[in-house]
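Listed below, chain by chain, are the residues.
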Amino acid sequence: MLASTLLVKKRDGNELSDDEIRFLIEGFCSGAVTDYQMSALAMAICIRGMNRREIATLTRAMLESGDRLPRPDRLAEGRLASGRPRVDKHSTGGLGDKVSLILAPLLAACDVDVPMVSGRGLGLTGGTLDKLESIEGFTVDLSDQESSRILKEVGAFIIGASERIAPADRRLYALRDVTGTVESIPLITASILSKKLAANLDALVMDVKAGSAAFMKTESDALRLADSLVAVGGEAGLPTTALITDMDQPLGRAIGNAIEVNESIDVLAGQSGAVRDLTIELCADLLVQVGVAPSLDSARTRLASTLDDGSAMERFERMIAAQGGRLSQPRRLAPQTEITADHDGFVARFDCSSIGQVVVAMGGGRRKKGDPIDHAVGVRVHHSVGDPVKRGEPILTLHCSTVQANDYAKLLANAVEVVDGPVCKSPLILGRLG
Ligand code: URA
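For every chain, the first residue of the written sequence is number 1, and numbering continues from 1 onward in sequence order. Where totals are concerned, whole chains, interfaces and linings use all residues; where local detail is concerned, this predicted model gives features only for residues with pLDDT of at least 70, and gives and counts side-chain atom pairs only at 80 or more.

## Here we look at the overall build of the protein chain
1) Next: For helices the rule is a DSSP run of H or I covering at least 4 residues; for strands it is a run of E covering at least 2, with both sets numbered from the N terminus onward. A count of helical and extended segments in the protein chain gives 16 helices and 13 strands.
2) Next: Against the compact-globule benchmark of 22 Å for 434 residues, the protein chain has a radius of gyration of 22 Å, which places it among compact chains.
3) Next: Here the C-alpha coordinates of the protein chain stretch approximately 65 × 50 × 40 Å along the principal axes.
4) Next: With C-beta atoms placed from the backbone, a residue is buried if 20 or more other C-beta atoms are within 10 Å of its own, exposed if 12 or fewer are, and partly exposed between those counts. Taking all 434 residues of the protein chain together, the buried fraction comes to 51%.
5) Next: Of the contacts formed within the protein chain by residues at least 6 apart in sequence, a portion of 77% connects residues at least 24 apart. Throughout, the radius of gyration refers to the C-alpha atoms, and the reference size of a globule is 2.2 Å times the residue count to the power 0.38. In this description, a residue-residue contact is defined by the distance between C-beta atoms placed from the backbone, which must lie within 7 Å.

Shown next as structure tokens:
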């Protein structure tokens, strides 16, 4: 087989066979298929697409490029011999999405284990690992023995992917990131599921974001991605469901690293709002999937009381301490500059892309892999779409460590559109699959 012949085949819109897909991925890992050939393949897949069988084979080939976490508690036929089910959530990424920080300890306090492998921020969306590293001493690099011990003792950990988990995805994602080939349903499906299958989970819920601050700009594209993830995950033996959720406005009130940890702690302390609502919905879905709750309603009730009675917070504190973090140190934020409404009205729209770009420019995110992060910078969002505002009231608060704060404030002056008449609030959950 010749890689170049297979590239032509996909370029011309033909299906690749299972053997051909495996040949390309194995060759990419061994060096026989070069980075430029793989980039060309990614572009051909982006433009021509793949059918379900091709996506499933690509996912499996990428999974098989690395190791799977052992599950000694699982019987051969997949049933649990003893112990707690293992679950995870994966979000396709959005502005202010700090759900993982709350979800992992909340579920651990509800009798399920969450061995969460997360990523770093790249582009406009923040990364869970960068947020957690704003906690003094916290480490995202644990040995297999340490992570197994923490899972046993605490029920949750949040770490970075090891070199041995789906290495084909790690290398392919780095190429996609710089070749305009991230936004492809087959490639996103194989990328996410190869890593989640390696974690040997009992259930996965996907949070597929739709809107201006997400990969999928429209609800129909988000639905197509969700459908692909649910179908390919299920066929590969990982029960997968998906929620389609709104990303036309930031999630919650904080965007940045330390500032999002602070908001997560507020939610763990019982604060209401979109972050709590979405976390409860995603967790409820998982508790029902693994049979820990008989219905979504009973799961929601249990999750709400686990947040309100302090058990989720206690689990969070134990998880942070187990990973070396010291929560007693307050997370410092950079000096603040207010952006105020210039007339009375109602919040109609957020320019999420400008807000995200300013957070990255201030040092809260990366322009390229390896850039350092300033954990203290960020943006506080004072309102949601539909909220009334008064002239002179703060609509955004900028936390900036440099003298350029006023320039950034000017860039954000029009990032929140305020109109005269009332505006409908948009629903947080746009759809469910699976
Ligand atoms: N997240 C991933 O892990 N992979 C993608 O391709 C997109 C989002």
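## Here we look at the sheet that holds strand 8 (residues 345–350)
Strands in a sheet are paired, the pairing made by backbone hydrogen bonds, and the direction either parallel or antiparallel.
1) Next: Any two strands with at least two DSSP-identified bridges between them are counted as paired. With antiparallel pairing, the 3 strands of this open sheet are ordered in space as 10-8-12. The open sheet has two edge strands, strand 10 (388–389) and strand 12 (416–419), and neither has a second partner.
2) Next: Summarising the sheet, strand 8 and strand 10 pair through 2 bridges and their orientation is antiparallel. In the sheet register, Gly345 faces strand 10, and the bridge partner there is Val389.

## Regarding the packing of helix 2 (residues 18–30) against helix 8 (residues 167–177)
1) Next: Throughout, an axis means a line fitted to C-alpha atoms (over the contacting stretch in the case of helices), and angles, computed between N-to-C directions, take values from 0 to 180 degrees. Between helix 2 and helix 8, whose axes approach to 10 Å, the crossing angle comes to 80°. Considering their axes alone, helix 2 and helix 8 lie roughly perpendicular with respect to each other. Every residue of helix 8 that contacts helix 2 at Ile25, Phe28 and Cys29 is listed here: Pro167, Ala168 and Arg171. The scheme is simple: roughly parallel for angles under 35 degrees, roughly antiparallel for over 145, roughly perpendicular for 65 to 115, oblique for anything else.

## Observations regarding the UniProt feature "domain: Pyrimidine nucleoside phosphorylase C-terminal" (unreviewed entry) in the protein chain
1) Next: UniProt positions are given in the numbering used here, feature names are shortened, and annotations may be inferred rather than shown by experiment. Taking the numbering used here, the UniProt-annotated feature "domain: Pyrimidine nucleoside phosphorylase C-terminal" (unreviewed entry) corresponds to residues 346–419.
2) Next: Here residues 346–419 is 28% helix and 28% strand, with 5 Å between the C-alpha atoms at its ends.

## Re the domain arrangement of the protein chain
1) Next: Segmentation of the chain into domains, including their bounds, is taken from an automatic or database domain assignment. Domain annotation of the protein chain identifies domain 1 (3–49), domain 2 (87–322) and domain 3 (336–419).
2) Next: Using C-alpha coordinates to define each centre, domain 1 is positioned 42 Å away from domain 3.

## A word on the sheet that holds strand 5 (residues 240–246)
1) Next: Spatial strand order, 1-4-5-13: 4 strands in an open sheet with mixed pairing. Of all strands in the sheet, those with a lone pairing partner are strand 1 (87–91) and strand 13 (429–433), marking the two edges. Within this sheet the neighbouring strands show an average axis-to-axis angle of 15°, counted without direction.
2) Next: Looking at chain direction, strand 1 and strand 4 (residues 203–210) are connected through 5 bridges and run parallel. Bridge pairing links Asp88 to Leu204 in strand 4.

## Side note on the pairing of strand 4
1) Next: Within strand 4, 8 of the 8 residues are buried, which leaves the element mostly enclosed by the surrounding structure.
2) Next: Sheet analysis places strand 4 next to strand 5, joined by 7 bridges and oriented parallel. When the sheet's bridge partners are listed, Met206 is paired in strand 5 with Ala242.
3) Next: Seen with its strands pointing away from the viewer, a crossover is right-handed if its path from the first strand over the helix to the second goes clockwise. As for the winding sense of the linkage, the β-α-β connection from strand 4 through helix 10 (residues 219–235) to strand 5 is right-handed.

## What about helix 10?
1) Next: Between the first and last C-alpha of helix 10 there are 24 Å, a value that for 17 residues agrees with the 24 Å anticipated at 1.5 Å per step.
2) Next: Buried within helix 10 we find Ala222, Leu225, Ala226, Ser228, Leu229, Val230, Val232 and Gly233.
3) Next: Its buried side turned inward, helix 10 meets helix 4 (52–63), helix 9 (185–198), strand 4, strand 5 and strand 13.
4) Next: Of the residues trailing helix 10, Gly237 is marked for its positive phi of about 95°. Helices are assigned an expected span. That span is 1.5 Å times one less than the residue count.

## Describing helix 11 (residues 258–268)
1) Next: With 8 of its 11 residues buried, helix 11 lies for the most part within the structure.
2) Next: Inspection of helix 11 places Ala258, Ile259, Glu260, Val261, Glu263, Ser264, Val267 and Leu268 among the buried residues, and these make up the whole buried set.
3) Next: Count one or two residues on from helix 11 and you reach Gly270, which has phi positive near 110°.

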